[in-house]
Amino acid sequence: MHSAAPAAAATAALIVPVGNAVAATRATAAVPKKKVVVVTKTITGPEGSADRWGNIRVTLVVKKTTTTLGSKKTVKRRITNVRVPEYPNHTDRSVYINQQALPLLVEETLQLQFDMSKFQLVSGATDSSNAFASSLQSALLSAKKA
């Protein structure tokens with residue numbers, strides 16, 4: 001009998017850790033895994049016409065974050081950068097106006113993100129503002145589809 005007690009205790013000591021491991025595996029299987037996918041895309045809008053002054057083209061850098069938790073999927077888009085690679089610069093006046101207006105329009109875009117309903121034009125740069133807004137609107141529509 002004396003030898004049976006230590007053997008039973010040793011067997012119990014081996015079974016308990018295995019039982020805890022099985023319980024831990026079942027507990028983690030019940031929690032759905034969270035999967036996050038981040039994609040950054042550069043989207044260029046078409047040229048917007050600034051009347052006789054020339055054209056403006058807006059390029060957006062959009063970060064799209066898709067989070068999947070079980071069967072629930074959420075998508076968030078955020079504009080991280082706005083560039084204006086093409087703008088009227090053939091006269092000194094065009095250069096001056098766009099050096100003043102374009103940084104304000106870019107800042108406005110970054111603040112408002114995808115909400116164009118509150119977008120404001122820059123006084124004194126109406127043609128440039130309208131051309132910027134036209135190119136931006138098309139780029140935003142493309143970004144929402146991407």
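The structure we're discussing is the one just above.
Residues numbered from 1 in each chain as written. Predicted model: local features only at pLDDT ≥ 70, side-chain atom pairs only at ≥ 80, totals over all residues. Heavy atoms only, no water.

**Comments concerning the pattern of salt bridges**
Then step 1. Tallied over the entire structure, the rule returns 2 salt bridges.
Then step 2. Between R57 and E47 there is a salt bridge, with the nearest N and O atoms lying 3.2 Å from each other. Pair noted here: R57 is in strand β3 (residues 55–69) and E47 is in the loop between β1 (34–44) and β2 (48–49), with a separation of 10 residues, a long-range link.
Then step 3. A salt bridge links E86 to R57; its shortest N-O distance comes to 3.4 Å. One end of the pair, E86, is in strand β4 (residues 72–86); the other, R57, is in strand β3, and 29 residues separate them in sequence.
Then step 4. Residue E86 is classed as partly exposed on the basis of its relative accessible area of 26%. (Salt bridge = Lys/Arg side-chain N within 4 Å of Asp/Glu carboxyl O. Helix = DSSP H or I, 4+ residues; strand = E, 2+ residues; numbered from the N terminus. Buried < 20%, exposed > 50% of the residue type's maximum accessible area, 1.4 Å probe, protein only.)

**Points about the environment of S129**
Then step 1. Here S129 lies in helix α3 (residues 126–145).
Then step 2. In the structure, S129 is positioned 24 residues away from L105 in sequence and 7.3 Å away in space, judged by C-alpha atoms.
Then step 3. Discounting residues that sit within four places of it in the chain, S129 has contacts with L105, L121 and V122. (Contact = heavy atoms within 4.5 Å.)

**Concerning the side chain of E108**
Then step 1. By the element assignment, E108 lies in helix α2 (residues 92–112).
Then step 2. Salt bridges are absent for the buried E108, whose nearest opposite-charge side chain, K118, sits at 9.7 Å.
Then step 3. Residues in contact with E108, not counting those within four places in the same chain, are K118, F119 and Q120. (Lys, Arg positive; Asp, Glu negative; His and termini not counted.)

**As for the pairing of β3**
Every other side chain in a regular strand lies on the same face of the sheet, so the side chains alternate between the two faces.
Then step 1. For β1 and β3, the ladder comprises 11 bridges, and the chain directions are antiparallel. What sits directly across from T44, in β3, is T59.
Then step 2. Sheet topology places β2 next to β3; 2 bridges connect them, and they run antiparallel. The partner of S49 across the bridge, within β3, is N55.
Then step 3. From the end of β2 to the start of β3, which pair antiparallel, there are 5 residues, and D51 there has a positive phi angle of about 55 degrees.
Then step 4. Taken together, the 12 bridges between β3 and β4 define a ladder with antiparallel strand orientation. Its bridge partner being in β4, R57 is matched across the sheet by E86. (Pairing = 2+ DSSP bridges.)

No statement about biological role is implied by the geometric values presented.
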